[in-house]
Amino acid sequence: MKRILIQLDTDPQPSVFDRVVAVDADVDEIFSYSGVTPENVEGLVHGAIFTRKPADLKYTAIFVGGSNVAAGEAVFKKVRKSFYGPMKVSVMMDSNGSNTTASAAVLAAARHLDLKQTTAVVLGGTGPVGCRAAQLLLSEGATVRLASRTLDKAKSTAELLSAAVDTTLLQPVKVESPSEAQAASLGAHLVIAAGAAGVELLPTGTWRLLAGLEVLIDLNAVPPVGIEGVEIMDKGTERHDVICYGAIGVGGTKMKIHSAAIRKLFESNDQKLDTAAIYEIGRSLG
Amino acid sequence: MKRILIQLDTDPQPSVFDRVVAVDADVDEIFSYSGVTPENVEGLVHGAIFTRKPADLKYTAIFVGGSNVAAGEAVFKKVRKSFYGPMKVSVMMDSNGSNTTASAAVLAAARHLDLKQTTAVVLGGTGPVGCRAAQLLLSEGATVRLASRTLDKAKSTAELLSAAVDTTLLQPVKVESPSEAQAASLGAHLVIAAGAAGVELLPTGTWRLLAGLEVLIDLNAVPPVGIEGVEIMDKGTERHDVICYGAIGVGGTKMKIHSAAIRKLFESNDQKLDTAAIYEIGRSLG
Amino acid sequence: MKRILIQLDTDPQPSVFDRVVAVDADVDEIFSYSGVTPENVEGLVHGAIFTRKPADLKYTAIFVGGSNVAAGEAVFKKVRKSFYGPMKVSVMMDSNGSNTTASAAVLAAARHLDLKQTTAVVLGGTGPVGCRAAQLLLSEGATVRLASRTLDKAKSTAELLSAAVDTTLLQPVKVESPSEAQAASLGAHLVIAAGAAGVELLPTGTWRLLAGLEVLIDLNAVPPVGIEGVEIMDKGTERHDVICYGAIGVGGTKMKIHSAAIRKLFESNDQKLDTAAIYEIGRSLG
């Protein structure tokens, strides 16, 4: 029985990237849909669950993607509401690569740090990748300082995260300038920069002075990156005694996680591959 | 040579259901188009008939679908007008599952009744499934009472059907209430309900009193069904000495017909799979 | 590794024709996009170049098509601007079959003529097929009279062509009537008609009187053709001692070139299949 992946993309054109990954993960047929919304998705889901026999439903799966992560989350939610009891298929959500990127970043850090003993700063912590990285760090027992340009936004994200993870060790912080970034990073072992493109928050002169800092991860693929001195290709590169990762350095792991998650979808018809589940897949890859 | 099915869907998104069935019927490549109209379909058809050599045209076929049956009929007609003599490909029309569902319903009845000796009532007989079921029953020699909420609509549909089948044994009837449904069903051996969702026309107390009634088929998949007491999963289930079929009970046969029809498309380049042809395919499945 | 062709079509529906050719040229997966513009194409290209490893990029390629040749040229240009150094994939441009048709026409002529010694007239020389045929004839050393209804348009096209080919032997001419067509064709060995549908420019009585005329090629597939007496199916057919080709007669070669070009795309990740490159592919087919 052929493995069918239904790509539900919220953008006007379905992502080429996600289709290539699916092909290379041995999906047999990809049905690509664009402009998908919570309003028009139900019929597509019913077409997926009411065609094949229950025992064969594991050979059909849904991937939710697109550049708008909030739109993807809304579609992901509606997809799962459109199931009828056992008539369901596996679903993965990775709009804008948010879940696979956050997972790869946290796994990169875990190669060098005992996360239970780690204090981490997430710059750009209210964005889709930043808040997911914070969630995963918390789930591993780290202490997390979630930074945003306003304290209110940091607090709102912390509030949202409390539905998914224990946020006892989460501390919202305001970071609007390099000096605030430095202050927020005092005593931290790990800094992850997941902010908007083109905003440099941590100059080299600043992070070189941070005692105890062990790992820097910058997820911005377009220069200037958020942490000065970290290069896009860095992959465990030592700079001033700090281990550095850039966006492409993390990208290899991200791709492996994406590919493994697509394969996982077809193991049963009830996989729900959200942030936590995708991270688990990444962890199992060793 | 790979088998290509060109899915021409009149909806804004091409049906997932129809794509899955095509994959499982061993089509190699599905080209899915949405928003297809008689105005924009000609170029698509020409692309289908002017690419491969005449001897290879049987490996390309067209499927017309979508939720709007009238829109599908218009596209089906225009597709066939776009052919150039022997430069043609096989075409199937099954918008909203209308042809496969009507065929499956009549075949279910034929398992229990000699249709030549049968008087049948089709409730919702002016809808796309109802009028097709009436057409097929007439083609098998049954006497058919085609019911609608207004006699005019029933007469119009009877008029339309006369182009496709001998309508000597067709009688238009008005059914707007349970009492009229009961009156229309007096002496009938078979009642098929193909009406709109949520309109119950035949209460259990009513049909239990109908002498001679042998088979009840309700094609509504969403409760309340049109014939009280028939369950969606019924598949030859006896209730008060009447054999009952519900929408899902008929669905298995419907799927088999759909799949067989897709395979049939590739036997030659001149298949025209309309209501009558799709029913014939169903009948040949035994 | 599966061969992926990304079809970037500028029309509202992606061409069926181009998809069928790709399937028959052993492409494994076709990603079809419609409504592609220079504005929305960059993300699609990035999805193509940033997914697979550099060594595997030759298994992904891009085809630019659609009925509007100028729109296709703009997309083709933008696609190549969206590459990052070695991160690129092969691209072919054949909007409206312009490159494959012009190549097939010139190759048909070359079967009978030594192009270096040939004086050719291209009627409809400012259209997408005509100007490409002129370019290829010039590249082969022929003397070319490029005809248009106004001399200004003919001159503009000559100017544009000078960027791609040596135009020393190119002469713009005005042809608005059969008598002007006859005058322009005096002494020519070859006339190619690539004008708009339904405009007959060379009556039989006219071209029969042209001394030295050896080959007539009419690329119009819909009667009336541009050269009276040439039939659509003509394929080296002698008529009044002149060798004639019609649109379908040239079509077989066109299809072979199209198919070979698609295969060529996957030989490396840096193929740029424009007019000249596609003609070379045609020539290598013998």
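Shown above is the structure to which this text applies.
Bringing the relation of the copies chain C and chain B into the picture now. Once chain C is rotated about the relating axis by 120° and shifted along it by 0.0 Å, it coincides with chain B to within an RMSD of 0.0 Å. Viewed as a symmetry operation, the transformation between the two copies matches a three-fold axis. If distances are taken from each C-alpha of chain C to the rotation axis, the shortest is found for C:Glu29, at 5.1 Å.

Attention now moves to a positive patch on the surface. The grouping of A:Lys53, B:Arg111, B:Lys235 and B:Lys256 at the surface amounts to a positive patch. Secondary-structure assignment places A:Lys53 in the loop between helix H2 (42–49) and strand E3 (60–65).

Each side of the interface is counted separately: chain B has 13 residues, and chain A has 19 residues. Here chain B packs against chain A, burying approximately 1,200 Å² in sum over the two surfaces, 61% of which is carbon and sulfur. When the buried area of chain B at its contact with chain A is split by residue, B:Gln13, B:Val16 and B:Val23 rank highest and sum to 44% of it. Across the chain B-chain A interface, the total number found is one salt bridge. Measuring nitrogen to oxygen at the nearest pair gives 2.7 Å for the salt bridge that ties A:Arg52 to B:Asp24. Taken together, chain B and chain A are joined by four residue pairs in polar contact (both at pLDDT 80 or more). Of the residues forming the side of chain B that touches chain A, the biggest block, seven residues, is contributed by helix H1 (residues 16–24) of chain B.

On to the pairing of strand E4 (residues 90–93) of chain A. As a general feature of sheets, a regular strand has side chains that alternate between the two faces. Residue and element names in this part refer to chain A. Both faces of E4 are covered, namely the face carrying Ser90 and Met92 and the face carrying Val91 and Met93. Where E3 lies against E4, four bridges are found, and the strand directions are parallel. Residue pairing in the sheet places Ile62 in a bridge with Val91 of E4. Read from E3 through helix H3 (residues 69–81) to E4, the crossover connection turns out right-handed.

Working definition: the strands of a sheet are paired by backbone hydrogen bonds and lie parallel or antiparallel to each other. All names here are of chain A. Taken in spatial order, the seven strands make up an open sheet running E7-E6-E5-E8-E9-E11-E10, and their pairing is mixed. Since the sheet does not close on itself, it has two edges, and those belong to strand E7 (170–174) and strand E10 (235–239), each with one partner. Direction aside, the axes of adjacent strands within the sheet are offset by 20° on average. Here strand E6 (residues 143–148) pairs with E7 via five bridges, running parallel.

Time to look at the interface of chain C and chain B. Size of an interface, as often reported, equals the accessible area lost when the parts are brought together. Facing the 13 residues of chain C at the interface are 19 residues of chain B. For the pair chain C and chain B, the summed buried surface comes to about 1,300 Å²; carbon and sulfur atoms form 61% of the total. Across the contact surface, chain C and chain B share one salt bridge. Our count for the chain C to chain B interface comes out at four residue pairs in polar contact (both at pLDDT 80 or more). Top contributing element to the side of chain C that touches chain B by residue count: helix H1 (residues 16–24) of chain C, with seven residues. Its residues placed into classes, the side of chain C that touches chain B shows eight nonpolar, two polar and three charged.

Bringing unusual backbone geometry into the picture now. Backbone geometry places A:Asp241, a non-glycine residue, at a positive phi of 65°. Take A:Asp241: it is sitting in the loop between E10 and strand E11 (242–245). Its relative accessible area of 67% is what places A:Asp241 among the exposed residues. One non-glycine residue, B:His240, lies in the positive phi region at around 50°. Residue position: B:His240 is located in the loop between strand E10 (235–239) and strand E11 (242–245).

All names here are of chain A. By the definition in use, this model includes three aromatic pairs over all chains. For the ring pair Phe50 and Tyr84, a centre distance of 5.6 Å and an interplane angle of 50° mean the geometry is tilted. Placement of the pair is Phe50 in the loop between H2 and E3 and Tyr84 in the loop between H3 and E4, with a sequence separation of 34 residues. Given a relative accessible area of 38%, Phe50 falls into the partly exposed group.

What counts, and at which threshold
- Every chain is numbered on its own, with residues counted from 1 as its sequence reads.
- Chain A is the first chain written and ligand 1 is the first ligand written, with later ones labelled in order.
- The predicted origin of the model limits local features to residues at a pLDDT of at least 70 and limits the giving and counting of side-chain atom pairs to 80 or more, whereas totals for whole chains, interfaces and linings rest on all residues.
- Only hydrogens and water are removed before side-chain values are computed, so all heavy atoms of the structure are retained for them.
- Copies are brought into register by a least-squares superposition over C-alpha atoms of residues with pLDDT of at least 70 in both.
- Grouping into patches uses exposed residues only, defined as over 30% relative accessible area, and leaves out salt-bridged ones; the cut-off is 9 Å for like charges and 5 Å for nonpolar side chains (Val, Leu, Ile, Met, Phe, Trp, Tyr).
- Shrake-Rupley sampling with a 1.4 Å probe provides the accessible areas, and residues are treated as covered by the protein chains on show and by no other component.
- Between Lys or Arg on one side and Asp or Glu on the other, a salt bridge is scored when a side-chain nitrogen of the former is within 4 Å of a carboxyl oxygen of the latter.
- None of His or the chain ends enter the tally, which takes Lys and Arg as positive and Asp and Glu as negative.
- A single reference atom marks each charge: NZ on Lys, CZ on Arg, CG on Asp, CD on Glu.
- Only DSSP runs of H or I reaching four residues or more are called helices, and only runs of E reaching two or more are called strands; each is numbered from the N terminus.
- Contacts were defined at the residue level, with two residues in contact if any of their heavy atoms lie within 4.5 Å.
- The term buried area denotes the loss of accessible surface (1.4 Å probe radius) that occurs when two parts are joined, taken as the sum for both partners.
- Whenever two N or O atoms come within 3.5 Å, that pair is a polar contact, provided that in protein one can donate a hydrogen and the other can accept it, and provided that, for residues adjacent in sequence, both atoms are side-chain atoms.
- Exposure classes here rest on a 1.4 Å probe applied to the protein chains alone. A residue is buried below 20% of its type maximum, exposed above 50%, and partly exposed in between.
- Strands are labelled as partners when DSSP assigns at least two bridges between them.
- By definition, the crossover connecting two strands over a helix is right-handed if that path, from the first strand to the second, turns clockwise as seen with the strands pointing away from the viewer.
- Inter-axis angles, ranging from 0 to 180 degrees, are taken between N-to-C directions of lines fitted to C-alpha atoms, where helices are fitted over the stretch in contact.
- Each residue is assigned to one of three groups, with Ala, Val, Leu, Ile, Met, Phe, Trp, Tyr, Cys and Pro labelled nonpolar, Asp, Glu, Lys and Arg labelled charged, and all others, Gly among them, labelled polar.
- Aromatic pairs are defined between Phe, Tyr and Trp rings, using the six-membered ring for Trp, whenever the two ring centres lie within 6.5 Å; interplanar angles under 30 degrees are classed as stacked, those over 60 as edge-to-face, and all others as tilted.

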